[in-house]
Amino acid sequence: QTGNFAGKVILITGGTGNIGLATASRLAGMGAAIALLDLDEGRLAEACKGLGTQDTLAKGYVCNVTSVEDVHKTINAIISDFGKIDFLFNNAGYQGSFAPLHTYPEDDFARVMQINVCGAFNVMKAVSEHMVSRRFGRIVNTASMAGVQGPPNMAAYAASKFAIVGLTQTASKDLAPYNIRVNAISPAFMGPGFMWDRQVELQASAGSQYFSTDPEEVSRQMINSVPMRRYGDINEIPGVVAFLLGEDSSYMTGVNLPIAGG
Ligand code: NAD
């Protein structure tokens, strides 16, 4: 574990999802107080209950990151409840449809951009206003390897994650004078579980020249494209987030770290 986060307050968006919750759990174990932001009240309550057993302050906030008003209200509530926000893990996201470009549904493209790009911007903007006033902040955005090399059948997702990398670079420059560092992580294939299965099935059903139409074969094709010949475990992500939030990365900003098995 990198650093010691006692006394630090972190906001995690997409906080009840796989990566958000695994990261919350790790940072709670390092002493941080946790504000989880997500869409579903029940899942937030359950997640906070789990984190509470680690003897940390954890509170859930229902908020849709696509609503500027909702985001501002929520950030204000978190600052009022916790006194401050030191760290932001800007991680809420949606993978979208799988279809070749010429049949990709327009409404889904817009939805992916709204959630992944506008949502990430809305949260980062609102939180950085607060961080600028305190002259302190550490931000980690969740991009994706799809934001480094566009995969087939994922036009919206790839475009949205390339945007996150750009947003990270610009934010790192704009916020550097205020002692705020902004970095990104780019996970690739993570599994097992819902995201992996969904991806494999949808790539198979997209029927492109790049993947088989048999999900089991798609799974093998994907794994064979990874130098380490396996998918990543969700629990291989939180340590990298903690590194970027903590002082071991004190001279790093604007960087996008791949978590991709090579
Ligand atoms: P997940 O679906 O488990 O978590 C995403 C969370 O974001 C969900 O809890 C969802 O409710 C929340 N969310 C979606 N739209 C929202 C909105 N409008 N407002 C507030 N919250 C919203 O998936 P995950 O794997 O934990 O993904 C987390 C991040 O990691 C995403 O940005 C995703 O694109 C990225 N990512 C995941 C993988 C992977 O293979 N799992 C790989 C690369 C990148």
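Relevant structure appears above.
Residues numbered from 1 in each chain as written. Predicted model: local features only at pLDDT ≥ 70, side-chain atom pairs only at ≥ 80, totals over all residues. Heavy atoms only, no water.

1. Some thoughts on the site of the ligand
Working step 1: Around the ligand lies a shell of 23 residues, among which Ile19, Asp38, Asn64, Asn91 and Tyr157 are the nearest.
Working step 2: Between the ligand and Ile19 there is a distance of 2.8 Å, counted from an oxygen atom to a backbone nitrogen or oxygen.
Working step 3: Taking 820 Å² as the accessible area of the ligand by itself, protein coverage stands at 89%.
Working step 4: For the shell around the ligand, the residue count by class is twelve nonpolar, nine polar and two charged. (Near = heavy atom within 4 Å. Polar contact = N/O pair within 3.5 Å; in protein donor to acceptor, adjacent residues only side chain to side chain. Areas by Shrake-Rupley, 256 points an atom, 1.4 Å probe, with all protein chains shown as cover. Nonpolar A, V, L, I, M, F, W, Y, C, P; charged D, E, K, R; others polar.)

2. Comments concerning the packing of helix 4 (residues 106–134) against helix 5 (residues 155–175)
In helix packing, the relevant descriptors are the interaxial angle and the interaxial distance, both defined with respect to the helix axes.
Working step 1: Viewed as axis vectors pointing N to C, helix 4 and helix 5 meet at an angle of 15 degrees, and their least axial separation amounts to 8 Å. Overall, the two elements helix 4 and helix 5 adopt an arrangement that is roughly parallel. For the crossing formed where helix 4 meets helix 5, the hand is right-handed. From helix 4, Phe109, Val112, Met113, Asn116, Val117, Ala120, Phe121, Met124, Ser128 and Val132 reach across to helix 5, where they touch Ala155, Ala156, Tyr157, Ala159, Ser160, Lys161, Ala163, Ile164, Leu167, Ala171 and Leu175.
Working step 2: Here the contact of helix 4 with helix 5 is composed, by residue class, of 17 nonpolar, three polar and one charged. (Axes fitted to C-alpha atoms, helices over the stretch in contact; angles between N-to-C directions. Helix = DSSP H or I, 4+ residues; strand = E, 2+ residues; numbered from the N terminus. Parallel < 35°, antiparallel > 145°, perpendicular 65-115°, else oblique. Left-handed = near helix turned anticlockwise from the far one by under 90°. Contact = heavy atoms within 4.5 Å.)

3. Quick look at the packing of aromatic side chains
Working step 1: Applying the stated criterion to the full structure yields four aromatic pairs.
Working step 2: Judged by centre distance (6.3 Å) and plane angle (90 degrees), the ring pair of Tyr104 and Phe109 falls under edge-to-face.
Working step 3: Every member of this aromatic cluster is reached through a ring pair, and the members are Phe189, Trp196 and Tyr231.
Working step 4: Between the NZ or CZ atom of Arg111 and the centre of the ring of Tyr94, over which it lies, the distance is 4.2 Å. (Phe/Tyr/Trp six-rings, centres within 6.5 Å; stacked < 30°, edge-to-face > 60°. Lys NZ or Arg CZ within 6 Å of the ring centre and 35° of its normal.)

4. Digging into the pattern of salt bridges
Working step 1: As enumerated under the stated definition, the model contains seven salt bridges in all.
Working step 2: Where Glu247 meets Arg138, a salt bridge forms, and the shortest distance between an N and an O atom there is 3.1 Å. Remark: Arg138 occurs in strand 5 (residues 137–142) and Glu247 occurs in the loop between helix 8 (238–245) and strand 7 (256–259); sequence separation between them is 109 residues.
Working step 3: Judged by relative accessible area, which is 46%, Glu247 ranks as partly exposed.
Working step 4: Classification of Arg138 as buried rests on a relative accessible area of 4%.
Working step 5: Between Arg181 and Glu247 there is a salt bridge, and its shortest N-O distance comes to 4.0 Å. Highlighted residues: Arg181 in strand 6 (residues 180–187) and Glu247 in the loop between helix 8 and strand 7, separated in sequence by 66 residues.
Working step 6: Looking at Arg181, the relative accessible area reads 7%, which means it is buried.
Working step 7: Through salt bridges with shared partners, a single network forms among Lys84, Asp86 and Arg134. (Salt bridge = Lys/Arg side-chain N within 4 Å of Asp/Glu carboxyl O. Buried < 20%, exposed > 50% of the residue type's maximum accessible area, 1.4 Å probe, protein only.)

Remember that the coordinates give geometry; whether it matters functionally is a separate question.
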